[in-house]
Every structure is written in structure tokens, then in C-alpha cells.
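Notes for the structure review
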Amino acid sequence: MSCLFLSTGVNAQSQVTVEGTVITKDTQEPLAGVNITVKNENRGTVTDTNGQYSISVADTDTLIFSFISFEKKEVPVNGRTTIDVVMKTDQIMAEEIIVVGYGTQKKSDLTGSVGSVAMENVEKLSGSNSADMLQGQVSGVSVSSGSGDPGSSPNVTIRGLGTIGNNDPLYIIDGVPGDISKVDPNNIESIDVLKDAASAAIYGSRASNGVIIVKTKRGTKDSGSTISFDAYTGIQSLDNKIDLANRQQYNTISQQMYNNAGLQPLAYTTGSGNYADTDWQDAFFDPGIEQKYNLSISGGTEDLTYTIAGGFYDQEGIATNTGHNKYNLRVNADYTNGKLKVGESFSYVRSNTQNMTGGSYGGGYGTIYQVMDMLPHTPVYDESNEGGYAGPPHPDMPKSSNPMATQELTTNESQSDFIQANVYGEYDILKNLTYELRFGANIDNGYLNYFAPTYYTSSIYKREVSYLSQQRSRNTETSIYTLLRYTNSFKDHDIEAMAGYSQERSIYKSSNASIDDLPSNEIRALSAGSGSASVSGSIFESTMRSQFGRLTYSYDSRYLFTGNIRRDGSSRFAESNRYGIFPSASVGWRISEESFFNFDNITNFKLRASLGKLGNQEIGNYQFIPTISAGSNYINYVLGEEQNIYNGAIITNFAATDIKWETTTSRNIGVDLSLYDDKIQFTADYYNNVTSDMLVNIPIPATSGSSAGPLTNGGEMETEGVEFSARYSEGNGPFTYNVRANISTSRNTVTKLGFKDEAFTGGYIEYGTHPTTRTVVGGEIARFYLYETDGLFQNAQEVQAHSSSSGLLQPNAAPGDVRFKDTNGDGVLNEDDKVYMGSAAPDFEYGLTFNANYQNFDLSVFVQGTYGNKMYNGTKFLTHRTDRNTNYSTELLDAWTPQNTDTDVPRNISGDPNGNARPSDRFLEDASYLRIKNLQLGYTLPDKLLGNSGVSKFRVYVSFENLATLTSYSGFDPSLNNFSLFRRGVDSGLYPLARTSMIGIQTQF
């Protein structure tokens, strides 16, 4: 280590301003972000993008220079005003350290498939849900929004769908299972993803869908105190609208429909009534404010380190009367005393959400559908109606529910108080033997409050008595693990052995109460109602007990081996099948370390291979015993002359005494390559996962008396894919930049389903009708299963020609109607003619991040997208139907007529006698997209401008989220994927994502 000191004399004990530049010894390049603190004092500064700094100190002080992966340096001032420092790489810290199960490993020694998130990229994204920020960051990790509701969590899968049940990964927060959505992104230090069995098997049955390990920020030894404050505020708005008819356009379409059907047009479409011309999308969607504030203090002494952070986040939804806010507090501390180290992590999160009333995810009629439905003739408000909202102004108009009334009058709020805490202790029993004990707890207290007041908009959509429902719940999850870790190195051998024991317990309790007919819309107390009342509650408990071990071995950093084994016992299975054993093994060969490898530009070349088994116990509790529900109003009996109410009971599920662990056998081969002193890094993996004994519910008839089919190990499936990731960095002079890219594929195939290869039908568009997906053996989960169209009939001859020996295939068709294919050639057009047409799973998905710095300016661009995925456009289905009188798409203005034959929009005819709106490829669209997810431009003030203000860093930036999307999908958003597994890719009126423009600051003191 070497330093160059240039000084000018000053008087002893006087205050001086010290300036200088910090560079690296290896490259002689400026080093930005170096922490410079005054020894034994809680003040300091950091170097700017040019490696320069300025700080006011006493001439007798000592400066401490510290930076990750570099050796710490202490430099006495000794009256000097200029101190330039050259920092030397810390060879131990320079190795990229990856967090793995119950420990860490050098990246160069990894034999499994592990991906790491570049936190410098994630830190530039907005929002409060850390799961959202995984999108496009790691190959093989798919993040898709089930809906854009404020506060909603995305669908996260690792290496695609591996089961027909729960596909959620396991989240480990600071060493214990937790919820990533409860961790503020500003508090995260690192995120590592365990993707194959070799890396995840140490977590056994919880790891079949992969593991995401989150490590939160902790203080640094001998660093003094650093105060950070970050804030941003922005405007969210609807990215695009659906082209719906205005009043005049609706009248034109409706009149054509009725004329073509030989019917008298509706009076309100032909008269001169004084009707409104409402744009219901403009009324329902409004720009909203998004804002976030974070304050933290961190630091440490030789023995104690700490971080205290707090934050507030608020998001006004773009849909009326929706929103989400969150308060968070985190305290992390570690203390070391000789051989003993103890620490804790504590966080508290309060979240409040005003939800969309009516939802938009199932097969029912969501509020967004209602927005599409509303006629422009109907005004939003009518003061003469109770509640102040309008209904249809003409008796012949459809009695659609006013979505503004539904959303603004109804209170539909949820609240959560979440506490996550864990404490740990480590003790070095011997030089190479360490004992660790850790206890963690997650406590989530939930509250749901739903109130529907009395109102009137039409004879159908009204409420004559108010209704109040409340639910309170508590979910308590505790875990404890204890382990011994042995590490040793001798000659060319490095070995680590670990053995441990863990126990987990989960208890969920809830109580629910509801009542109607409250005396006033202003009185919202359960005790105030005088109508029908209902009280219910539930309690569920599950436990798990595990033993686990791992052995890692390295010879001369060339030949690598890792072996894991875990034995899990779960209360969710009967005693005879309670335990499962899940082993894995992986090997690696660093060819670049061989003596025969003489390629100077290749700094690392490693081959990896792994094989292992993982378990899955993500099913409901008590499945191996029959459960009974009693006392609910809908199953009680009214008997006798006095009509007394007697408690009834039903079987809610049959006993599944023989169910056992669902098991996934995972195979992985990979290669890691680094070139030109790690300026270029490349990783590739191929994986194959086979899931056997898949836990599925077998469909049974409703006459069985049970509300759910029995659970059985009746399924098998295979998932395979490839993953690529690359990074390039360049840094010479004032301009530096880096590029990260990843791309991945995943394809699943169901190989067994039920006892007789039963089919699973789903993707219902409207109230359990119009199914769009089907899951069968030999195909993917939830493939689209639809009628195939063959253009439009152009004349009567074509209608007659579309026939068989049995007669016309479409007897109700006429010129301008859709022609559907008789795909099986049996001469009959029916459900058997539906064909499979792809799925919501993309052929591949990708992410690309570009970061650049020029002097004090910085630019970041993040692009992500998918290719080959399909989406069934439920809003198009809704607005193209002509069997109803709700609003229509403007595309129907281009409907087929004898004078307008060059179109793909079928004729407008009331009643739709040909069934043009049946589930078909008319509404199936390519949902591939490329999105500029984030663009951010920032400027950091030079130290000279900050002077002696006490501010060591001040950065201001502008940022844009969801800036632009290139897609052919005509709905709100191609990235929305729905929540239900069998409805993936079915857009049934999903809450759209917002485009956000914001400005923010980042400061340090």
C-alpha cells in the first residue's frame, strides 16, 4: 500500500480544509464513493465521481479512508491541506461474496446456479414493494404484475412454473423466512437468488420454487455516523385508453345493429333527448401523486455497528378512491466481544390500502369492466338520487352499475401491522469451529373494513339497507435454527462443513363479523345494525421440523464440490408420510486455473453441474383429515312449526390420508466466463426440472356434498429452459459506463394429471362462462383453448359452402359473420373444434440496463420485455359483443357491410345469432412487449459547492417509470398477467399500470 502526501504548513491545533483525490493502485483511476471520516468523531464526507473530496478538520486529526473491497487506510493530517491517497485492493474483500443458505460463498467457488441483483440498478427504481424491483434483473426470475392496484404484490416465479399448485419462491430475510414486500427497497444491501437444487436444497421442502435471499443494510465498523435522506415525488397517469364510442358513435353502431336484425332501433339512439356524453375512462381514471421519504443513520465503532432507518411511502391510485401508503421502521445492530458476536434485526411496517371494489381478477364482473360497460349517455352524478350518482336516464338503457358510485361510495380498506424480528448469536468454540443460534418471528395483524351505504342509481343497482363487514386476523410465524460450522484450509485444500437443526411454527387466527341495516350511513359500528348478522372465525396451525447439513470442498481453487442434505417433517402430512429427505450435489471445474490454460485475456472459466431433489408442502392444513364446517347461515336449517334455526354442517373436504411430499428433481449445467480483468462477464445455464407426485385437487361432482375435490399426488410435469446473463464495464477518465443484460426461456409440459388425465378448464371471462384456457397432459399449464376463425363470410354462397353432409356448419350465419373452422372435420361445429393456441408464458423474457457517468452527471436506462406470450383481451371481447346494449369499441364503426368488406370486424347485429363473440382467436392477441421501464438522469453537486455545510453528498435527479411500451396488444397493458394460475394471460378488466414522472434528491451528512 502506498500513499502520496503533498502538504503546506499551518499552525498547530488550527482548523484546516483538507482536499485531495483518491485513486486505485491497480488502475490509477479515481475512486468514487470512498467514505472519509474523522477518527473518533461522527462526521465525514465521501469522494465524488472524480474521486475528489474536501473536509474541514483540526490539523491534529486523523482521517480514515474506507471503501468496499479496498483496505482501510488511516492518515494523520499533521497540518496538511492536500492529501492524495492511493488505495489498495483487499484481496479477501475483492472476491464477490454471495449469500447462500445459512452462510456465504465466494462467487468463484459457487457450483450451483445463483443470481445476484445489481443493487445500484434497483436503487434507481421507484415504489415500496421490493418484489417489483426484481423484474428484468436476474435471468430466470420472472416478475409480472397480476394487476396494477396500489399495494398489490406481483407474481414472482423462478425458472417458470414447476407445479400446478403454489409456485411462489421462498424469501429469506436476514437469515429467517419472511415477506419481501414488507422490506423497504432503501434498506436492502443485497439480493441473491438460488435457482437450482444444489443451491436451494439446504432449505428443503420450502425451496422447490427457488429461494430469494435478502440481506438488509448494517453499519460499518469504525465508520462514524452517516445520516442519509432520500425523497422523491411524482405524478402517475394512465398510459393509454381503450377506444370507446362516444354518444354519437354509440348511436350509429346501435342503430346499425338493430337495423341489421330487422328491429326498431332503440329510442334513445334516434331521438333528440338531452343526454350526456360522458367519457367514463376520463371520469374514473385521474392522475395521482406518488411520494416517498427515507431517513437513516448508520455507523459503528470497533465493537458495535448499527443502522436505524425509517420511511414513508404514499401512492394515490390512478383509479378513483384507490391508494396505498406505508410507514416503516428498521433497526439493525451487531456487537462483537472477543469470540462472541450477537445481533438483531427489527422492523415494523404499517400499511393502509383503499382497494378496488368488486375486484377484477376472477370470472365475475370487475369494476374496470363496469367502466367499459357504461353508456356515454349516462351522466356521472345525479343529485336527486340517494348518494348523488346517476343511473340510466332512459328506461330502455341497460341497467349498468355506475362504477363511480361503486368505487366512491363504498369503503373497502385493508390495514396491516407487520413486525419482523430476529436475534442471533455466534460463538467461536475453537479456531475453526463456530456455533450459531438464530430466532426469528413474523407477526402480521390484519384488518379489513368493508362498508356499503344505502344508495340508488337504478331499479337494479341500489342498496336499500347499508352493510358493514369487518375482519381481524393475526398470523404468527416463528422459526429457530441452530448450527455448527467448521472451516479449515491446509495446503491446497479448503473445506467447510455445516450441520444444523431448525423448527418453524405458523398460527393463523381470524374473526369475522357482518351486519346490515345500520341506522345511518355515518354510523359504522357493528353493534348499531338491526338486520341480518353473521359471525365466523378460523384458526390454522402448522409446524415443521428439519435437520440439514452441507459440505463444500475446493482443491487449489480448481476442483469444487458442494453436497447438501435436508430432512423435513411437516404437520401438513399424515404421520406415515410426514418426513421427506432432499439431497443435492454439485461440482465445478475452474479450467482457467489449470497450468495448461494459457489465455491471458480470460480471467475465469468455470464449468458447473448439479443434481438434486427439492420438496413442496405448500398445500392447505389438515388435508389428511376430513374437515367440517358448521354454523354458517347458508348451511343452517329452519325446522318446526316455530321455524327455529338449527346449526347445519357440511364436509368441506374429504380426507387425503395417503398424500406425500411433492418432489422436484432438478438438473443444471452451467458455465461462467470472465474476460479482460472481469470487464466482460458471461454466465449461461441449462436446467431441467421434473416434478413428481404433484399435489392436485381432483374434480368431483357437486352431488358429493364436498366443496372441494380430494387432494392427491396425481400429477407430473417437466420444466426446462436456458438462461444467459452478461455484463460489460468500461471506465477511463471522466466517462464510465456499464451494461448488464439477461435473457431466459422456460417451457413446462404436464405429463400426468389426475387418475385418468383429467383436464382443467379455466380462464372464465364472465361469471363462470366463456372459458379460455385448458390444461391437459402433453401441454403447458393454462394453454389457450379457443375456436379458430377463418375470416368473414363475404356472401351467401360462402355461408352455404361452409357445410357438411349434415348441413350448414353455421346455420345462423350471414354475410359479414365470422367463419369458424371445423378443425376436426367431423361436419359439426362444437367444443371439439377448439384448438390450443399458445399461452401466457413467453418464448423468452429479457432485461437490459445501461449506466453511465460523466463527471458529476449520471444516466441510467432500464429496458425489459417479453416475446411470444399471448393474452386474451377480455375488454375487447366485452366491447365487441353485439348481444348486449352496453358501450362498444370504436372499431365497430368499421364493421362489415356490403359496402365495407375489407375489414376483420364482423357485422353489427343485435343478438349476435352467429355467436361471433364466442371464445376464439378473435380476442387472442400477441402480448410481446418492449418497455423502457426506467430512465433516470442525475447530477451530484461537487464538494466545492457543498463547502463546510456538513453535507457530504447531494444528488438531484429526474426519473420516469414505464416511460414507453412497444407492443401490438390493444388492451391497457400487456405486462399484466392476472393472479390465478389457470387465468394467466386473461385480461378480465385488470387495473392498469401507471406511467410515472418524478423528481428526487439523495443526500448524506
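In what follows, the structure referred to is the one given above.
Keep in mind that what you see is a predicted model, and the values were worked out from it rather than measured.

With that settled, the discussion passes to the overall build of the chain. Within the chain, the secondary structure is distributed over eleven helices and 57 strands. Here the C-alpha radius of gyration of the chain, 32 Å, is about what a compact globule of 1005 residues would show, namely 30 Å. A total of 1005 residues make up the chain; the buried ones form 51% of that total. Taking the intrachain contacts of the chain between residues at least 6 apart in sequence as the baseline, contacts between residues at least 24 apart amount to 70%. Here the chain displays about 42500 Å² of accessible surface, and carbon together with sulfur accounts for 52% of that area. Within the chain, one finds 77 positive and 112 negative side-chain charges whose respective centroids are separated by 6 Å.

The subject of this paragraph is the sheet that holds strand S53 (residues 924-926). Hydrogen bonding along the main chain pairs the strands of a sheet, whether they run parallel or antiparallel. What the three strands build is an open sheet, ordered S53-S52-S56; its pairing is mixed. Either end of the sheet is taken by a strand with one partner, and the two such strands are S53 and strand S56 (986-987).

Okay, empty space enclosed by the protein next. Taken as a whole, this structure holds eleven cavities of 30 Å³ or more when the rule is applied. Lining the largest cavity are 44 residues, with Ser-142, Ala-841, Pro-842, Glu-845 and Asn-977 sitting closest to its centre. Elements represented by at least two residues in the lining of the largest cavity include exactly strand S12 (141-144), strand S13 (155-158), strand S40 (735-744), strand S50 (844-854), strand S51 (857-867) and strand S52 (870-873). Ranked by the residues each element gives to the lining of the largest cavity, the list is headed by S12, at four residues. What lines the second largest cavity is a set of 19 residues, and nearest its centre among them are Ile-158, Ser-208, Asn-209, Thr-664 and Asn-689. Breaking the lining of the second largest cavity down by element, the ones donating at least two residues are strand S32 (602-616), strand S37 (662-675) and strand S38 (680-697). Classifying every residue of the lining of the second largest cavity gives three nonpolar, twelve polar and four charged.

Here we take up helix H4 (residues 247-260). The end-to-end C-alpha distance of H4, which contains 14 residues, comes to 20 Å, matching closely the 20 Å that a straight helix rising 1.5 Å per residue would cover. Along H4, the residues classified as buried are Tyr-250, Asn-251, Ile-253, Ser-254, Met-257 and Tyr-258. Between the side-chain oxygen of the N-cap and the backbone nitrogen of Gln-248 there are 3.2 Å, and the N-cap of H4 in question is Asn-246. Just beyond H4, the residue with positive phi is Gly-262, at close to 75°.

A word on a negative patch on the surface. Among the surface-exposed residues, Asp-243, Glu-891, Asp-894, Asp-902 and Asp-904 lie close enough to one another that they form a single negatively charged patch. Tracing the backbone through its elements, the reader meets Asp-894 in the loop between helix H10 (874-880) and S53. You can call Asp-894 partly exposed: its relative accessible area is 37%.

Right, let's talk about the environment of Ala-207 for a bit. In this structure, Ala-207 sits in the loop between helix H3 (197-200) and strand S17 (211-216). Distance from Ala-207 to Met-694, taken between C-alpha atoms, is 15 Å for residues 487 residues apart in sequence. Every residue in contact with Ala-207, bar those within four places of it in the chain, is listed here: Ala-200, Leu-614 and Gly-615.

In this section: the pattern of salt bridges. One pass over the full model with this rule turns up 40 salt bridges. Two residues, Asp-174 and Arg-330, come together in a salt bridge whose shortest N-O distance is 3.6 Å. Separated by 156 residues along the polypeptide, Asp-174 in the loop between strand S14 (170-173) and strand S15 (176-177) and Arg-330 in strand S21 (residues 323-337) bring together distant segments of the chain. Just as Asp-174 is buried, Arg-330 falls in that class too. A salt bridge links Lys-834 to Glu-831; the shortest N-O distance between them is 3.1 Å. Classification of Lys-834 as buried rests on a relative accessible area of 6%. Since its relative accessible area comes to 46%, Glu-831 is described here as partly exposed. Within the structure, one salt-bridge network assembled from shared partners comprises Glu-436, Arg-438, Arg-485, Glu-496 and Arg-550.

Thresholds, definitions, all that
- Residues numbered from 1 in each chain as written.
- Predicted model: local features only at pLDDT ≥ 70, side-chain atom pairs only at ≥ 80, totals over all residues.
- Heavy atoms only, no water.
- Helix = DSSP H or I, 4+ residues; strand = E, 2+ residues; numbered from the N terminus.
- Rg over C-alpha atoms; globule rule 2.2 N^0.38 Å.
- Buried < 20%, exposed > 50% of the residue type's maximum accessible area, 1.4 Å probe, protein only.
- Contact = heavy atoms within 4.5 Å.
- Areas by Shrake-Rupley, 256 points an atom, 1.4 Å probe, with all protein chains shown as cover.
- Lys, Arg positive; Asp, Glu negative; His and termini not counted.
- Charge placed at Lys NZ, Arg CZ, Asp CG, Glu CD.
- Pairing = 2+ DSSP bridges.
- 1 Å grid on protein atoms, 1.4 Å probe; cavity = no way out; pocket = protein on both sides within 12 Å on 5 of 7 lines; lining within 4 Å.
- Points joined across faces, edges and corners; volume = space filled by probe spheres on them.
- Nonpolar A, V, L, I, M, F, W, Y, C, P; charged D, E, K, R; others polar.
- Expected span 1.5 Å × (residues − 1).
- Polar contact = N/O pair within 3.5 Å; in protein donor to acceptor, adjacent residues only side chain to side chain.
- Patch = residues over 30% accessible without salt bridge, like charges linked within 9 Å, V, L, I, M, F, W, Y side chains within 5 Å.
- Salt bridge = Lys/Arg side-chain N within 4 Å of Asp/Glu carboxyl O.

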